[in-house]
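Examination of the molecular architecture
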There are 2 protein chains.
Amino acid sequence: MFSSPLSKELNITYPIIQAPMAGGITTPELVAAVSNAGGLGSIASGYMSPESLRESIRQTKQLTDKPFQVNLFVPGEDEVELSREELEEADKLLHPFYNELEIDIQELPTNFTEPYDELVDVVIDESIPVVSFTFGIPSEEVIQRLKQAGAFVIGTATTVNEAIHLEKAGMDAVVAQGSEAGGHRGTFSTDFEQAMVGSIALIPQVVDNISIPVIAAGGIMDARGVLAAEVLGASAVQMGTAFLTCEESGTNPIHQKTILESFEDSTVVTNVFSGKPARGIHNYFIEQMNDYEHLIPPYPAQNALTSTLRKEAGKQQNIRFMSLWSGQGARLSKKTTAANLIKEVVQAYEQLIAKKF
Amino acid sequence: MFSSPLSKELNITYPIIQAPMAGGITTPELVAAVSNAGGLGSIASGYMSPESLRESIRQTKQLTDKPFQVNLFVPGEDEVELSREELEEADKLLHPFYNELEIDIQELPTNFTEPYDELVDVVIDESIPVVSFTFGIPSEEVIQRLKQAGAFVIGTATTVNEAIHLEKAGMDAVVAQGSEAGGHRGTFSTDFEQAMVGSIALIPQVVDNISIPVIAAGGIMDARGVLAAEVLGASAVQMGTAFLTCEESGTNPIHQKTILESFEDSTVVTNVFSGKPARGIHNYFIEQMNDYEHLIPPYPAQNALTSTLRKEAGKQQNIRFMSLWSGQGARLSKKTTAANLIKEVVQAYEQLIAKKF
C-alpha cells in the first residue's frame with residue numbers, strides 16, 4: 001500500500017480513513033478496529049452530547065492505543081429564524097407517516113442549537129490527535145486552540161474554492177468529497193448542485209490548487225478506488241459506505257442489508273431527512289416528500305422534526321422511512337469486519353501494482 | 001501508455017477516443033488529427049443530414065488513412081405525441097429571449113424525425129470500422145448489418161444495467177459515461193438523476209458485471225484521469241471537453257474561451273436546450289428557464305424549438321443563450337492542438353508510471 005507524508009503525520013500505517021458517519025454508526029468497536037488495523041478510525045460527534053462524545057472517546061481508548069480522529073459539525077453562521085407557524089407547517093407534512101409507524105404526534109422541538117463549543121472542549125481535553133470538520137470553516141480561535149493542543153486539523157471541501165478557503169484558514173489537510181459520497185454533502189459556500197463534482201474530476205483539480213494534502217472521499221470501495229485516488233494525486237482515502245456494512249459498525253442491520261442489496265443507481269441526494277442535502281438509498285419517504293421541498297426547513301430544524309420518525313422506523317426496521325445513507329459504490333459493499341476490509345484492500349492493492357493493474 | 005486488447009481491435013496506438021460531440025464540433029480536421037496522433041477520432045452524426053455525414057466522412061478520409069468512428073443517436077422508441085398547443089406553449093417560453101437577440105418569431109417546426117436509417121446506410125456504405133451509439137440500443141437488424149459490414153460496435157451506458165443490456169444486444173464494447181461528462185447524458189433506461197453516477201464508482205461496477213471492454217468517459221482531462229480509468233478497469237478512455245478546446249475542433253471560439261475560464265463547479269445538468277438532460281456551463285438561459293421545466297417538451301422537440309435561438313446566439317457570440325456543453329474538468333482544459341494534447345497525455349502518463357504516480 002502506498003504511504004504518503006500524510007500517513008506519517010497521522011501516524012498510521014495505511015492511508016485509509018474510516019469516514020466519520022453520525023447517528024450511532026461509529027461505535028468505539030468500529031473506530032478502534034480501523035485504527036488497530038493500521039487505518040484511521042473516526043468518531044462522528046454529530047448529534048452527540050458532550051457527555052456521550054467523552055464516553056465514546058474513552059471507550060475507544062480502552063480498545064486501541066492507536067490514533068483516531070473526531071469529526072465535528074461546524075454550526076451554520078446564519079442561524080435561520082423559523083417562526084412557529086413555519087415549523088408547524090413543516091411538521092404537519094410528517095403527520096401522515098406517523099400513522100403507519102403508530103407514533104403519536106410529537107411536541108414541536110424548540111431548541112436546535114448544538115453543543116459545538118462543548119464538543120470542542122471535550123476533544124481538546126481528551127487530547128484527540130486528529131480533528132476534522134464538516135459543513136464549514138471553524139473559527140480562528142477554535143483552530144488555534146486545537147493546534148496548541150497538538151491536533152492535526154482537517155477540513156471538508158466539495159469544490160476547489162472551498163479547499164482553498166480551508167487551506168487559508170490553517171487546515172493541515174482537506175477531504176475532497178466527490179459527488180459519489182454517501183451521507184451529507186459537505187458543501188458550505190456555494191450552490192450544492194453545482195458542487196456535485198465527481199471524484200475523477202474533483203481530486204486533480206483540488207490537488208492542483210492547494211499545497212496541503214488531499215484526502216479523496218466518495219465512491220471508493222476497494223483497492224481499485226484507492227489506487228485511482230492515489231494516481232489522481234490524493235495522499236489518502238476516506239471510505240464511508242465500505243465501513244457501514246462492517247460488523248463493528250452501529251449501522252442498523254436492515255440498513256446494512258439494504259446497502260448490500262443495492263446498486264450504483266439506487267441513491268438520490270435529498271434534503272428531506274435533515275434539511276441538508278445528503279445521499280441515500282431512494283425510498284418511500286423521499287418519494288412522498290419530494291413535492292414539498294420548498295416547505296422543508298433547513299438543518300438542524302428538519303433533522304429535529306424527523307428525529308422521532310427516523311428513530312421509530314429504525315426500531316421497526318421499516319426502510320420506507322429510514323435515512324439509508326449510502327454512496328454510489330453499493331454493488332462493491334461486503335459484509336465483513338473492519339480489519340478484514342482493510343487487509344483485503346491492502347492485499348488487492350499490492351496485487352494491482354504487481355500485475356501492473 | 002497502456003495498451004489493451006481493445007486498442008488492438010480498434011487498430012489504434014493509444015487507448016484514447018475523442019468523444020463524439022454533435023453540433024459541428026467534430027470537424028474532419030479534429031477527427032483526422034486525433035486518429036493521426038494515434039487515438040480514435042469520432043464523427044458525431046447527431047443533427048446531421050445523410051449528405052453532410054457522407055461529406056464529413058469523405059473529407060476525413062482525405063486527411064487520414066487511420067481508422068475513425070461515427071456515432072449515431074438511437075431514436076426514441078416511443079415517439080412522444082405533442083399537440084400543436086403544447087408546442088406553442090413551449091415555444092412561447094422562448095419569445096422573451098428573441099428580443100435580446102433581435103430574432104423574429106419563428107414558424108413552429110413540425111417534423112422532428114431524424115434520418116437515422118439513412119445515416120446507418122451511409123456508415124455501412126462508407127465502411128466505417130467503428131460505430132458507436134448513444135441514447136439506447138440499436139435494433140438487432142442494425143447491429144447485424146453493421147457487423148456483417150465488419151464494423152466494431154460500441155454502446156453507451158450510464159448504469160450497470162444499461163451496460164448489461166448493451167452487451168446482451170451484441171455490442172463489442174461499452175462506454176461507461178460518468179456523471180462528470182459534459183453534453184448529453186446517455187441514460188436510456190432509468191431515472192436520469194439516479195443514473196448520475198461518478199466515474200470512480202461507475203467504472204469498476206460496470207467492469208465487474210460485463211465481459212466486453214469498458215471505455216471510461218466523464219471528467220478525464222489528463223494523464224492522471226487516464227491512469228485512474230485504467231486502474232479502475234477501463235480498457236480505454238473517451239475524452240470530450242479536453243478536445244473541445246483544441247484548435248481543430250469546430251467549437252465556437254466564445255464557447256472555448258468560456259470553458260478555458262471555467263471551474264469544476266461551473267456546470268449544471270439541464271434539459272432546457274434540447275429536452276434531454278445535458279451538462280453545460282450555467283448561464284442566463286438555464287437560469288431563466290429553470291422554473292418551466294415541466295413545460296419543456298422532450299427531445300427532439302425542444303431541440304428543434306431552441307435551434308434558432310442557439311444558432312443566433314452562437315453567431316452573436318452571446319454566451320447567455322448558448323448551450324455551453326462542458327464536463328467537470330474545466331480547470332484542466334487547455335488551448336492546444338489535438339496532436340499536442342495526445343502527445344502530452346502520453347508523455348505525462350509515462351512520467352506518472354516512471355515516478356510511481
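Refer to the preceding data block for the structure.
Report on the accompanying structure. (Residues numbered from 1 in each chain as written. Chains lettered and ligands numbered in written order. Predicted model: local features only at pLDDT ≥ 70, side-chain atom pairs only at ≥ 80, totals over all residues. Heavy atoms only, no water.)

Before going further, it helps to examine the pairing of strand β5 (residues 152-157) of chain B. Residue and element names in this part refer to chain B. Taking burial as the measure, the 6 residues of β5 include 6 buried ones, the bulk of the element. Side chains F152, I154 and T156 project from β5 onto one buried face, and the interleaved V153, G155 and A157 project onto a second face that is buried too. Direction of pairing for strand β4 (residues 130-134) relative to β5: parallel, over a ladder of 3 bridges. Following the sheet pairing, V131 is matched in β5 by V153. Following the chain from β4 across helix α7 (residues 140-148) to the adjacent parallel β5, one finds a crossover that is right-handed. (Buried < 20%, exposed > 50% of the residue type's maximum accessible area, 1.4 Å probe, protein only. Helix = DSSP H or I, 4+ residues; strand = E, 2+ residues; numbered from the N terminus. Pairing = 2+ DSSP bridges. Right-handed = clockwise from strand over helix to strand, strands pointing away.)

Take the sheet that holds strand β7 (residues 183-184) of chain A next. Read from one edge to the other, the open sheet built from 3 strands follows the order β7-β11-β10 (chain A), with strand pairing classed as antiparallel. Looking at which strands have only one partner, the edges of the open sheet turn out to be β7 and β10 (267-270) of chain A.

Residue and element names in this part refer to chain B. Taken in spatial order, the 3 strands line up as β7-β11-β10 in an open sheet, and their pairing is antiparallel. Looking at the sheet topology across the chains shown, the edges are occupied by β7 (183-184) and β10 (267-270). Sheet analysis places β10 next to strand β11 (residues 278-281), joined by 4 bridges and oriented antiparallel. When the bridges of β11 are listed, V268 appears paired with G280.

This brings us to helix α10 (residues 223-231) of chain B. Along α10 of chain B, 9 of the 9 residues are buried, which leaves the element largely enclosed by surrounding structure. Listed as buried for α10 of chain B are A223, R224, G225, V226, L227, A228, A229, E230 and V231 of chain B. Taken together, the buried residues of α10 of chain B touch α9 (199-209) and α10 (223-231) of chain A together with α9 (199-209), β8 (214-217), β9 (236-239) and α16 (338-354) of chain B. A positive backbone phi angle near 115° is found at G233 of chain B, which sits one or two residues after α10 of chain B. (Contact = heavy atoms within 4.5 Å.)

Attention now moves to the interface of chain A and chain B. Between chain A and chain B, the contact holds 43 residues from the first and 43 residues from the second. Summed over both partners, the interface of chain A with chain B buries about 3,400 Å², with 59% contributed by carbon and sulfur atoms. Our count for the contact surface shared by chain A and chain B stands at 2 salt bridges. At the boundary of chain A with chain B, the tally comes to 14 residue pairs in polar contact (both at pLDDT 80 or more). For the side of chain A that touches chain B, the secondary-structure elements that each account for two or more residues are α8 (160-168), α9, α10 and β10 of chain A. It is α9 of chain A that provides the largest number of residues to the side of chain A that touches chain B, a total of 8 residues. (Buried area = accessible area lost by both parts, 1.4 Å probe. Salt bridge = Lys/Arg side-chain N within 4 Å of Asp/Glu carboxyl O. Polar contact = N/O pair within 3.5 Å; in protein donor to acceptor, adjacent residues only side chain to side chain.)

Fair warning: the whole summary comes from geometry, so function is off the table for now.
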